[in-house]
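Fold and geometry: a report
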Amino acid sequence: MPSLNEVAQKLVLPGMGILAADESEGTIAKRFAVIGLPVTLETRRDYREMLFRSREAMSKYISGVILTEETLLQNAADGTPFVTLLAETDVLPGIKVDRGAFAMPGTQGEKITEGLDGLRARLAHYREVGAKFAKWRGVIAVSDIAPSRNGIRANAHVLARYAALCQEAGIVPVVEPEVLADGEPGDHSLERCAEVTSETLETVFKELRLAGVDLGGMLLKPNMVLPGIRSAERPSVGEVARRTLEVLKAQVPATVPGIAFLSGGQSDEAATAHLSAMNRMGPLPWALTFSYGRALQTAALLAWAGEAANVPAAQAAFAHRARMNSLAATGEWRVELDRAA
Ligand code: 13P
């Protein structure tokens with residue numbers, strides 16, 4: 001059986017990255033609303049099946065997929081379990097194990113992620129049905145008064161408890177502390193994001209060490225250092241890449257095998273350009289790749305629009321985005337390659 005470190009390494013092999021397809025029912029409903037599609041068990045299945053059957057994307061550029069519990073246990077329309085389908089292209093199944101972020105008492109609009117109760121038993125079950133890695137997202141909102149010290153510490157603490165439970169179960173934890181760019185009011189500066197991200201990561205690694213987590217058997221899924229989406233600041237690609245790397249180099253130990261970013265509401269092209277610029281600034285102590293949801297899926301979702309006849313076009317759109325991000329993961333993406341398509 002491969003070690004946690006071997007699984008983590010495989011997820012971040014050069015030019016490979018993770019597809020985040022673990023939208024909760026509420027989030028997938030928001031995505032489907034854009035194409036006017038009702039949300040049912042079948043539409044969710046058909047959409048995800050379209051992605052997973054995109055042979056080019058899945059075999060060449062995607063190392064792992066983060067699934068919901070529903071998808072992990074679900075079959076494709078022809079009865080093939082999704083886990084079997086993923087194995088055909090050597091893609092590792094992952095599972096989102098948190099139960100969402102809820103209002104945190106004693107704070108002004110901050111959130112704490114729930115889902116630790118019963119997690120040991122759930123992880124044992126997920127492992128049995130094939131999950132090799134897991135994800136837990138902590139949400140750090142930025143405003144004039146947030147995040148509080150308490151909000152950062154509480155989220156870092158539950159991330160560490162989740163990561164320790166994963167490793168005990170033989171599952172690689174993907175540790176995701178997301179400093180929100182698209183929260184409320186969302187007008188903070190790039191420098192404020194750098195400060196908050198830095199303090200958050202410092203606290204997360206303190207808690208991970210206290211919890212005895214093997215840093216060689218996990219991945220970090222952070223935000224990039226960006227101004228809030230309603231800020232007037234327009235930093236260059238190089239500036240975002242430089243500040244993000246400064247924060248990561250100061251806070252993320254080199255024993256962590258890889259960092260796989262979330263896209264966090266960036267445009268498809270921006271998420272790719274930033275990743276590529278960072279990889280061009282190497283050599284880096286860890287692999288640096290993508291674990292995108294929206295920035296990998298949006299073009300495919302729009303091309304699909306809920307119609308079986310559009311599946312080939314949607315799969316081509318997905319393969320294109322996956323290829324662009326694969327190039328970015330080795331610093332070889334160029335804007336002409338994207339625009340030509
Ligand atoms: P986005 O890339 O759309 O931010 O989603 C990534 C993710 O997994 C959030 O938890």
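Everything in this summary refers to the structure shown in the same document. Since the model is a prediction, treat every value here as computed from it, not as a measurement.

Those residues of helix α12 (residues 294-304) that sit buried are A295, L296, Q297, A300, L301 and W304. Two residues or fewer after α12 comes A305, characterised by a positive phi angle close to 55°.

Okay, the site of the ligand next. Around the ligand sit 13 residues in total, of which K135, K221, S263, G264 and R294 are the nearest. Residue K135 places a side-chain N or O atom 2.5 Å away from an oxygen atom belonging to the ligand. Contact distances for the ligand include 2.7 Å between an oxygen atom and a side-chain N or O atom of R294. Protein contact buries 91% of the 300 Å² of open area that the ligand shows by itself. At the level of secondary structure, the elements contributing two or more residues to the shell around the ligand comprise β6 (133-140) and β10 (287-292).

Looking now at the environment of R334. Considering the arrangement of structural elements, one finds R334 in the loop between α13 (311-328) and α14 (335-340). Relative accessible area serves as the criterion here: at 45%, R334 is assigned to the partly exposed category. On a C-alpha basis, the gap between R334 and W136 in space is 32 Å, while along the polypeptide they are 198 residues apart. Separated by 2.8 Å, the side chains of R334 and E336 make a polar contact.

Scoring rules and cut-offs
- Residues numbered from 1 in each chain as written.
- Predicted model: local features only at pLDDT ≥ 70, side-chain atom pairs only at ≥ 80, totals over all residues.
- Heavy atoms only, no water.
- Buried < 20%, exposed > 50% of the residue type's maximum accessible area, 1.4 Å probe, protein only.
- Helix = DSSP H or I, 4+ residues; strand = E, 2+ residues; numbered from the N terminus.
- Near = heavy atom within 4 Å.
- Polar contact = N/O pair within 3.5 Å; in protein donor to acceptor, adjacent residues only side chain to side chain.
- Areas by Shrake-Rupley, 256 points an atom, 1.4 Å probe, with all protein chains shown as cover.

From the geometry alone we can't say anything about function, so treat these as descriptive.
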